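Structural description and commentary
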Amino acid sequence: MENIKAKKKYGQNFLIDKAVLNGIIQAMPNNENHIVEIGPGLGDLTEKLVKYKDMTAYEVDTDLIGVLRSKFKDEIDSNKLDLVHTDVLKTWESQKTLHEGKYDLIANLPYYIATNIILRALEDSNCEHIIVMIQKEVAIKFTAQVNEKEYSSLGIISQLLTKDSKILFDVSPDSFNPAPKVVSSILYLKKNMTSSLNSDFKKFLKACFSQPRKKLSKNLSTVLEKSELSQIFNELDISDNKRPHEVSASLYSQMYTKVKNGREKSSRG
């Protein structure tokens, strides 16, 4: 196993700090959900998780798959661990979910696809909890509140789809091999299982934050007529001077609904 080196192309940084591993285990929800892990690496977290529950681990690296199959032969043979050699994003594309029943995503995610994975997990109707190690800067964006400078579309999506979102603790670079150049954080999200967002709303948010330091009305003027924009702002009592980070998730949702209803009315009439 000493011969396995982290690959940059997969964004691999192997977690070696036992205290951090134990902290993740302590954060696990007390439920009957299946566990899904993405990017198990050398299996240090997997080794702890599989003691508690049956789980599925997705690994894209062919070299690591060989190591994991050997290390967890007994768990695989007894069906406690389902080790899947694939690109997890392709699985989401084809199956829409990573597990047929309710599951919790618990993982040390590669930085380069962490945001995409979290967004996919938020969309996955079978995923209930997300406990993931990611770059601290990204974790802050997912937990940011209105009027905070880090508040963006990620924070809005998180607020609209979760009951709870928080950073559990930070993780220093020396907890990994090789050490990354940034501080990491353990992000915890508890989803609201009755909420969902469509792709058009996300496109709407993208327009709203296209130039974060500009006025929201300026950003939206590229996709909405001035009269329509003025009417929506008046109805929702939104000041024309507001910047994108100064508007609540609830107001963004209401704005989008009004835009959508207006377009449906226009198409009918």
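Just so it is clear, the structure is predicted and the values come from calculations on it, not from any experiment. (Residues numbered from 1 in each chain as written. Predicted model: local features only at pLDDT ≥ 70, side-chain atom pairs only at ≥ 80, totals over all residues. Heavy atoms only, no water.)

Before going further, it helps to examine the nonpolar core. Counting residues in each nonpolar core, the largest one holds 51 residues, and the members touching the most others are I38, L105, Y252 and M255. Sorting elements by how many residues they give to this core places helix 6 (residues 111-123) first, with six residues. Beyond its immediate stretch of four places on either side in the chain, I38 contacts Y58, V88, W92, L98, L105, A107, N108, L109 and I117. Counting 24 residues, the second largest nonpolar core, distinct from the first, contains I25, L68, F176 and Y188. (Core = buried A, V, L, I, M, F, W, Y, C linked by side-chain atoms within 4.5 Å. Buried < 20%, exposed > 50% of the residue type's maximum accessible area, 1.4 Å probe, protein only. Helix = DSSP H or I, 4+ residues; strand = E, 2+ residues; numbered from the N terminus. Contact = heavy atoms within 4.5 Å.)

Attention now moves to the UniProt feature "binding site: S-adenosyl-L-methionine" (unreviewed entry) in the protein. Within the UniProt annotation, "binding site: S-adenosyl-L-methionine" (unreviewed entry) is assigned to N13, L15, G39, E59, D87 and N108. Lining residues of the largest pocket drawn from the annotated list: N13, L15, G39, E59, D87 and N108. Here N13 shows up in the segment before strand 1 (14-15). With residues near it in sequence (within four places) discarded, N13 still touches N108, F176, N177, P178, A179 and P180. Topologically, E59 is positioned in strand 3 (residues 55-59). (UniProt positions renumbered as here; feature names shortened; annotations may be inferred. 1 Å grid on protein atoms, 1.4 Å probe; cavity = no way out; pocket = protein on both sides within 12 Å on 5 of 7 lines; lining within 4 Å.)

All right, on to unusual backbone geometry then. N177 connects to P178 through a cis peptide bond whose omega is -10 degrees. On the secondary structure map, P178 appears in the loop between strand 8 (176-177) and strand 9 (184-191). Even without being glycine, K96 reaches a positive phi, approximately 70 degrees. With respect to the helices and strands, K96 occurs in the loop between helix 5 (88-95) and strand 5 (103-108). The exposed category is assigned to K96, whose relative accessible area is 57%.

With that settled, the discussion passes to the UniProt feature "domain: Ribosomal RNA adenine methylase transferase N-terminal" (unreviewed entry) in the protein. Under the local residue numbering, the UniProt record ascribes the feature "domain: Ribosomal RNA adenine methylase transferase N-terminal" (unreviewed entry) to residues 20-193. With 38% helix and 29% strand, residues 20-193 has end C-alpha atoms that lie 28 Å from one another.

Checked against the element boundaries, N108 lands in strand 5. Overall, the relative accessible area of 16% leaves N108 in the buried class. Look past the residues within four positions of N108 in its chain and what remains in contact with it is N13, L15, I38, G39, L45, M133 and F176.

What the largest pocket holds in volume is close to 450 Å³. Forming the boundary of the largest pocket are 30 residues, of which I38, G39, E59, N108 and P110 lie nearest the centre. Looking at the lining of the largest pocket, the elements that each hand over two or more residues are strand 1, strand 2 (34-38), helix 2 (44-49), strand 3, helix 5 and helix 6. Taken together, the residues of the lining of the largest pocket sort by class into 18 nonpolar, eight polar and four charged. (Points joined across faces, edges and corners; volume = space filled by probe spheres on them. Nonpolar A, V, L, I, M, F, W, Y, C, P; charged D, E, K, R; others polar.)

Here we come to the sheet that holds strand 9. Pairing in this open sheet of seven strands is mixed, and the strands run 4-3-2-5-6-9-7 from one edge to the other. With one partner strand each, in any of the chains shown, strand 4 (81-85) and strand 7 (162-171) form the two edges of the open sheet. Recorded for the sheet is a direction-independent mean angle of 15 degrees between the axes of neighbouring strands. Both strand 7 and strand 9 contribute to a ladder of eight bridges, which runs antiparallel. Counterpart to D164 in the pairing with strand 9 is K190. Sitting on the sheet, helix 6 touches strand 2, strand 5, strand 6 (127-135), strand 7 and strand 9, and the angle it makes with strand 6 is about 165 degrees. Those strands touched by helix 8 (residues 153-161) are strand 7 and strand 9, and its axis lies near 125 degrees from that of strand 7. (Pairing = 2+ DSSP bridges. Axes fitted to C-alpha atoms, helices over the stretch in contact; angles between N-to-C directions.)

Take the pairing of strand 9 next. Walk down a regular strand and you will see the side chains alternate between the two sheet faces. In terms of burial, strand 9 is a largely internal element, seven of the eight residues being buried. Where strand 6 and strand 9 come together, seven bridges link them in antiparallel fashion. Each bridged residue has a counterpart across the sheet, and for I131 the counterpart in strand 9 is Y188.

Attention shifts here to the side chain of S184. Considering the arrangement of structural elements, one finds S184 in strand 9. In terms of polar contacts, S184 uses its side chain to reach the side chain of Y111, at 2.3 Å. Those residues in contact with S184, other than ones at most four positions away along the chain, are Y111, M133, I134, Q135, K136, D170, V171 and F176. (Polar contact = N/O pair within 3.5 Å; in protein donor to acceptor, adjacent residues only side chain to side chain.)

The geometry of an aromatic ring pair comes down to the distance between the two centres and the angle between the two planes. On inspection of all chains with the given rule, the structure shows four aromatic pairs. When the ring of F201 is compared with that of F204, the centres are 6.5 Å apart and the planes differ by 35 degrees; the resulting orientation is tilted. Here F201 and its partner F204 are both found in helix 9 (residues 199-208), three residues apart, which amounts to about one turn of the helix. Accessibility classification places F201 together with F204 in one group, the buried group. Judged by its relative accessible area of 7%, F204 falls in the buried class. Grouping aromatic residues by their ring pairs yields a cluster made of F201, F204 and Y256. (Phe/Tyr/Trp six-rings, centres within 6.5 Å; stacked < 30°, edge-to-face > 60°.)

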